[in-house]
Amino acid sequence: AYCQNIDPIDQLIKSEMDRQGMTGGIGLGIIYGNHSYYQGYGYADVKNSTPIDPYRSMFRWASISKTVTAITSVAGGISLDTPLSELCRTFPKPIAFFEGDKISPLPEHTPDFTMRRLLSHTAGYRSYSDVPSFVESATPPSELANNPLVNRGIDWATRRVMYQPLALVPGTKFSYTTMGFNLAGWAIEQVTGSSIMTNMERYVFRHVDAGSIQPDYEWESIPNRVVGYQQDGRPTGSDDVSWKLPGGGLISTVRDLAKYGDAVLHSAMLTAEQKSILWSPPFPESGSYALGWVTKRVNDQIVEVSHDGGQQKTRTTLHLYPADGLTLAIMCNWEGWVWNQDFLTKLYALAKDYVK
């Protein structure tokens, strides 16, 4: 059942857009049991007055893609605790890390490099800017990333960083890193002999009634891509993100992002045991971050799992409420958008009251 024109929800969204002074627009998707609400606000393309269409406008997922990589690992039966050097013969086991600008050997009793470490951001791998400036950038130059003859996917991109010293000693603290998730995707490809997208389709997307989810290849003509806007309202550029598909390279409509979230909760994609593995923070240093998902517990019960995303052209968030069976997805094409917890709390409450 589809709900139409729910005024309190629409008023809340529009009020928050006005408060933040945004350029562009927002796509909203809510699924609550057998009921759903999809709505667009503002513009996919301001110059041409193209409105956001929740069924057609294509937004980048950014880091919400990490949730898919984690599910693919668990549902695909990839060992979480076998050392990567045993899973993948070509894995170059790190031997050093950066102490400031100095390269030092890893301590003798460094924890094993495993998928569980990679998927919880505790393996010590670098992010975009947490290593000395003289180290080669983790982000490929645009002229290489945007060229399909050069950009051959995860293996090509991952090899830029996998031989570099680590940013920190594994197991010492949580350090958020898209490069670590890229390495997890690389490992999945090595173990299975298939591309990361083939694995995502096999273990995740075949359970989702959604046709728009795909890698955002910059060189492909994907209809209805939204225009991205910088914080000052100017249109932003558009560089390829498929090279980091496991950590932030998917694109879809907001309807299909919500459909994905609902399938995580209700389809045969995951068993109860697999959800428990995904949504249980594995190490003290990982805090509330489990395997590809941020978790919230009350009285030791999971009440919410979520992930935000932010990159060129997009700001996104996906929240699942397992006890309620409710999914909330929001996608925005303005890079200045800030996720306000009070706003999200009010939206969740309105969704429970009106989407039924």
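Everything that follows concerns the structure shown earlier in this document.
A brief structural summary. All figures in this text were calculated on a predicted structure; none of them were measured in a lab.

Observations concerning the side chain of K313
No. 1: As for its placement among the helices and strands, K313 is situated in the loop between β10 (301–311) and β11 (314–321).
No. 2: Buried charge without a salt bridge: K313, with D216 as the nearest opposite-charge side chain at an N-O distance of 5.1 Å.
No. 3: Residues contacting K313, with those up to four places away along its chain left out, are R60, R225, V226, G228, T236, G237, S238, C332, N333 and E335.

Some words on helix α8 (residues 196–203)
No. 1: Buried within α8 are the following residues: I196, M197, N199 and M200. Relative to the axis of α8, the buried residues are bounded by an arc of 160° and lie together on one face.
No. 2: Lining the buried residues of α8 we find α2 (65–75), α6 (154–158), α7 (178–192), β7 (214–215), α9 (245–248) and β8 (250–252).

Quick notes on the packing of α2 against α7
No. 1: Here α2 crosses α7 at 35°, and the two axes come no closer than 10 Å. Classified by chirality, the crossing of α7 by α2 is left-handed. Residues K66, T69, T72 and S73 of α2 form the contact with α7, whose participating residues are T178, F181, A184, G185 and I188.
No. 2: In terms of residue class, the contact of α2 with α7 is made up of three nonpolar, five polar and one charged.

What to know about the sheet that holds strand β1 (residues 25–32)
No. 1: Strand order in the open sheet formed by seven strands is β3-β2-β1-β12-β11-β10-β9, and the pairing between neighbours is antiparallel. Of all strands in the sheet, those bounded by a partner on one side alone are β3 (50–51) and β9 (294–298).
No. 2: Bridging between strand β2 (residues 35–45) and β3 involves two bridges; their strand directions are antiparallel. Within β3, the residue paired with Y43 across the bridge is P51.
No. 3: Relative to strand β12 (residues 326–332), helix α10 (residues 254–266) is tilted by about 150°, and along the sheet it contacts β1, β2, β11 and β12.

Re the pairing of β9
No. 1: Sheet topology places β9 next to β10; five bridges connect them, and they run antiparallel. Across the sheet, residue K296 finds its bridge partner in β10, namely E304.
No. 2: Between β9 and β10, which pair antiparallel in sequence order, lie two residues; one of them, N299, sits at a positive phi of approximately 55°.

A short note on the packing of aromatic side chains
No. 1: Here the structure, examined in full by the defined rule, presents 14 aromatic pairs.
No. 2: Between the aromatic rings of F98 and F134, the centroid separation amounts to 6.2 Å while the plane-to-plane angle is 75°, which identifies the pairing as edge-to-face. Of this pair, F98 sits in strand β5 (residues 96–99) while F134 is found in the loop between α4 (115–119) and α5 (142–145), placing the two residues 36 residues apart along the sequence.
No. 3: Accessibility expressed as a relative area gives 7% for F98, which makes it buried.
No. 4: Residue classification places F134 among the exposed residues on the basis of a relative accessible area of 54%.
No. 5: Centre to centre, the rings of F113 and Y125 are 6.3 Å apart; their planes meet at 70°, and the pair counts as edge-to-face. One end of the pair, F113, is in the loop between β6 (102–105) and α4; the other, Y125, is in the loop between α4 and α5, with twelve residues separating them in the sequence.

A word on the nonpolar core
No. 1: One finds W61, I71, M115, F205, Y260, V264 and W293 to be the most contacted residues of the largest nonpolar core, which totals 65 residues.
No. 2: At seven residues, α10 tops the list of elements feeding residues into this core.
No. 3: M115 has contacts with S73, I78, S79, L80, L84, L87, A184, A187 and I188, leaving out every residue within four places of it along the chain.

With respect to empty space enclosed by the protein
No. 1: According to the stated counting rule, one finds two cavities of 30 Å³ or more in the structure shown.
No. 2: Space inside the largest cavity adds up to approximately 40 Å³.
No. 3: If you go around the largest cavity, the residues you meet are M58, F59, R60, R225, V226, I251, K313 and T314.
No. 4: Looking at the lining of the largest cavity, its residues break down into four nonpolar, one polar and three charged.
No. 5: Size it by volume and the second largest cavity reaches roughly 30 Å³.
No. 6: Of all elements in the fold, only α6 and α7 reach the threshold of two or more residues within the lining of the second largest cavity.

Re the side chain of S120
No. 1: Along the chain, S120 falls in the loop between α4 and α5.
No. 2: Of the residues examined, S120 reaches a relative accessible area of 0% and is grouped as buried.
No. 3: Of the polar contacts made by the side chain of S120, one reaches the backbone oxygen of R116; its length is 2.8 Å.
No. 4: Setting aside chain neighbours within four positions, we find S120 in contact with F174, P282, F283, S286, Y289, A290 and L291.

A short note on the pattern of salt bridges
For side chains of opposite charge, pairing can occur when their charged atoms come near one another.
No. 1: Applying the stated criterion across every chain yields a total of 14 salt bridges.
No. 2: Of the charged contacts in the structure, one is a salt bridge between R116 and D81, with a shortest N-O distance of 2.7 Å. Placement of the pair is R116 in helix α4 and D81 in the loop between α2 and α3 (84–87), with a sequence separation of 35 residues.
No. 3: Classification of D81 as partly exposed rests on a relative accessible area of 46%.

Some thoughts on the sheet that holds strand β4 (residues 59–60)
No. 1: The three strands lie next to each other as β4-β8-β7, forming an open sheet whose pairing is antiparallel. Each edge of the open sheet is held by one strand with a lone partner, namely β4 and β7.
No. 2: The pairing of β7 with β8 spans two bridges and is antiparallel. Along β8, the bridge assignment pairs P215 with L250.

Here is what the cut-offs are and how they apply
- Residues numbered from 1 in each chain as written.
- Predicted model: local features only at pLDDT ≥ 70, side-chain atom pairs only at ≥ 80, totals over all residues.
- Heavy atoms only, no water.
- Helix = DSSP H or I, 4+ residues; strand = E, 2+ residues; numbered from the N terminus.
- Buried < 20%, exposed > 50% of the residue type's maximum accessible area, 1.4 Å probe, protein only.
- Lys, Arg positive; Asp, Glu negative; His and termini not counted.
- Salt bridge = Lys/Arg side-chain N within 4 Å of Asp/Glu carboxyl O.
- Contact = heavy atoms within 4.5 Å.
- Arc of directions from axis to C-beta.
- Axes fitted to C-alpha atoms, helices over the stretch in contact; angles between N-to-C directions.
- Left-handed = near helix turned anticlockwise from the far one by under 90°.
- Nonpolar A, V, L, I, M, F, W, Y, C, P; charged D, E, K, R; others polar.
- Pairing = 2+ DSSP bridges.
- Phe/Tyr/Trp six-rings, centres within 6.5 Å; stacked < 30°, edge-to-face > 60°.
- Core = buried A, V, L, I, M, F, W, Y, C linked by side-chain atoms within 4.5 Å.
- 1 Å grid on protein atoms, 1.4 Å probe; cavity = no way out; pocket = protein on both sides within 12 Å on 5 of 7 lines; lining within 4 Å.
- Points joined across faces, edges and corners; volume = space filled by probe spheres on them.
- Polar contact = N/O pair within 3.5 Å; in protein donor to acceptor, adjacent residues only side chain to side chain.

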